[in-house]
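Here are the chains, one letter per residue:
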Amino acid sequence: MALPKTPYIWMNGEFVDWDKATIHVLSHVVHYGSGWFEGIRAYKTPNGTGIFRLREHLKRLQQSVKLYRGEMPYTIDQMCEATKELVRKNGLESCYIRPIAYRGYENLGVYPLNCPIDVSIACWEWGVYLGKEAIDNGVDVCVSSWQRLHNNTLPAVSKASGNYLSSQLIRMEAIMNGYSEGIGLDINGNVGEGSGENIFFVNDGVIYTPPMSSSILEGITRHTAITIAKDLGYEVRETTVPRAVLYTADEIFFTGTAVEITPVRSVDRISVNDGIVGPVTKHIQQAFYAIIQDGKDEHGWLTYV
Ligand code: PPE
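Calculation notes
Residues numbered from 1 in each chain as written. Predicted model: local features only at pLDDT ≥ 70, side-chain atom pairs only at ≥ 80, totals over all residues. Heavy atoms only, no water. Near = heavy atom within 4 Å. Polar contact = N/O pair within 3.5 Å; in protein donor to acceptor, adjacent residues only side chain to side chain. Nonpolar A, V, L, I, M, F, W, Y, C, P; charged D, E, K, R; others polar. Domains from an automatic or database assignment. Helix = DSSP H or I, 4+ residues; strand = E, 2+ residues; numbered from the N terminus. Buried < 20%, exposed > 50% of the residue type's maximum accessible area, 1.4 Å probe, protein only. Lys, Arg positive; Asp, Glu negative; His and termini not counted. Salt bridge = Lys/Arg side-chain N within 4 Å of Asp/Glu carboxyl O. Contact = heavy atoms within 4.5 Å. Buried area = accessible area lost by both parts, 1.4 Å probe. 1 Å grid on protein atoms, 1.4 Å probe; cavity = no way out; pocket = protein on both sides within 12 Å on 5 of 7 lines; lining within 4 Å. Points joined across faces, edges and corners; volume = space filled by probe spheres on them.

What follows covers the site of the ligand. Residues in contact with the ligand amount to 22 residues; listed here are only the nearest, Tyr96, Tyr129, Tyr164, Thr221 and Thr257. In the model, a nitrogen atom of the ligand is placed 2.7 Å from a nitrogen or oxygen of the Glu193 side chain. Its residues assigned to classes, the shell around the ligand comprises 6 nonpolar, 10 polar and 6 charged. Counting contributing residues, the shell around the ligand receives three or more from each of domain 1 (8–124) and domain 2 (132–292).

Laid out in structure tokens, this is it:
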């Protein structure tokens, strides 16, 4: 389905018509995957439209670029202001926001440092990601035959466009085989993450999630879920998770900007908790939705536009 157009896309400091927000085919990013992006959500709350953890996303974008020896041409403050103004100008109450920095047009070759870093921000209306049912009832997933990137091949901590070739292999295989999502194991065979989300496990009331060394993006929703869980009094352990836990855990859930907090109902057709969303997952979901829907934001995670 086509993207729902908005009036403007922000490009290198200017608000450009949606249809005119184009780049040259010989831009470095098109050939070599040299882009870095973020996915951010803005929610309609009783206090107005609030962008969820905007600064943290923009800081991660800056770090993603830095890892590739680049420097963002705009400060985090400038990017914050641009994002807020874009959401306002596009008149959206809630939306998905996609900032992207990329190596642009200058000359072509693997060595990227002669090409400029161009920056765009777009936003559009976007509902639930893995389907309406997913958040309430959970999703059926598989372990992918494709493994995640090795940390010393393409570092997963940098949200680089090129990394998403791995995600595409995982996602396509899963969908073709009738699942909603695939889970990538790290190169040691331990659980990494989904093609576009982090993963959590609950066993005997304790919460587990794979560490950065398991080739994961250090998700901002992951950090949110860990913080909420600790606030609610749960013990959270960031630790290596063997594949077998996918088939034995009491509860499993995904976290991510797009999926928010989505329960996993089965893995490779083995049900999790008889297919019923478990109490810990529900507890964390409720606390999360109280923040983004009701604006009960004690951590100051919402930036109002
Ligand atoms: N891992 C991966 C590989 C990933 O792409 C995301 C976000 C996460 C974990 C969770 O990160 P965070 O959003 O900071 O909690 N994936 C983004 C892009 C998804 C897409 O389909 O494109 C997102 O959720 O916006």
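Here the narrative resumes, following the displayed structure.
Attention shifts here to the side chain of Arg103. Topologically, Arg103 is positioned in strand S6 (residues 95–103). Buried and unpaired, Arg103 has Asp118 as its nearest opposite-charge partner, separated by 9.4 Å. Separated by 2.9 Å, the side chain of Arg103 and the backbone oxygen of Cys115 make a polar contact.

Our focus in this paragraph is the environment of Trp36. Summarising the element assignment, Trp36 is placed in strand S3 (residues 35–37). Along the sequence, Trp36 and Ala160 sit 124 residues apart, while their C-alpha atoms lie 4.3 Å from each other.

Let us look at the domain arrangement of the chain. Taken domain by domain, the chain comprises domain 1 (8–124) and domain 2 (132–292). Between the C-alpha centres of domain 1 and domain 2 the distance comes to 26 Å. Tallying the contact residues gives 21 residues for domain 1 and 21 residues for domain 2. Among the residues domain 1 hides against domain 2, the three largest losses belong to Phe37, Phe52 and Arg60. Together they make up 33% of the total. For the pair domain 1 and domain 2, the interface holds 1 salt bridge. Residue Glu260 is joined to Arg41 by a salt bridge in which the shortest nitrogen-to-oxygen separation is 3.7 Å. Along the contact surface separating domain 1 from domain 2 lie 12 residue pairs in polar contact (both at pLDDT 80 or more). Mapped by element, the contributors of at least two residues to the side of domain 1 that touches domain 2 are S3, strand S4 (40–45), helix H2 (54–67) and S6.

Moving on, we get to unusual backbone geometry. One non-glycine residue with positive phi stands out, namely Asn12, at about 45 degrees. As for its position among the elements, Asn12 is in the loop between strand S1 (8–11) and strand S2 (14–17). When its relative accessible area of 34% is taken as the criterion, Asn12 is described as partly exposed. You will see that Arg53, though not glycine, has its phi angle at about 55 degrees, which is positive. With respect to the element layout, Arg53 can be found in the loop between strand S5 (48–52) and H2. The class for Arg53 is buried, based on a relative accessible area of 5%.

Our next topic: the layout of surface pockets. One simple way to see leftover space: roll a probe sized like a water molecule over the atoms. Considering only enclosed or pocket space, the largest pocket measures out at about 870 Å³ in volume. What lines the largest pocket is a set of 39 residues, and nearest its centre among them are Tyr96, Arg98, Trp126, Tyr129 and Ala258. Elements with a minimum of two residues in the lining of the largest pocket: H2, S6, helix H5 (164–176), strand S10 (191–194), helix H6 (220–231) and strand S14 (251–256). Among the elements that make up the lining of the largest pocket, the one with the highest residue count is H5 (5 residues). Within the lining of the largest pocket, the residues separate by chemical class into 16 nonpolar, 15 polar and 8 charged. When residues are assigned to domains, the lining of the largest pocket turns out to be shared by domain 1 (8–124) and domain 2 (132–292), each giving three or more.

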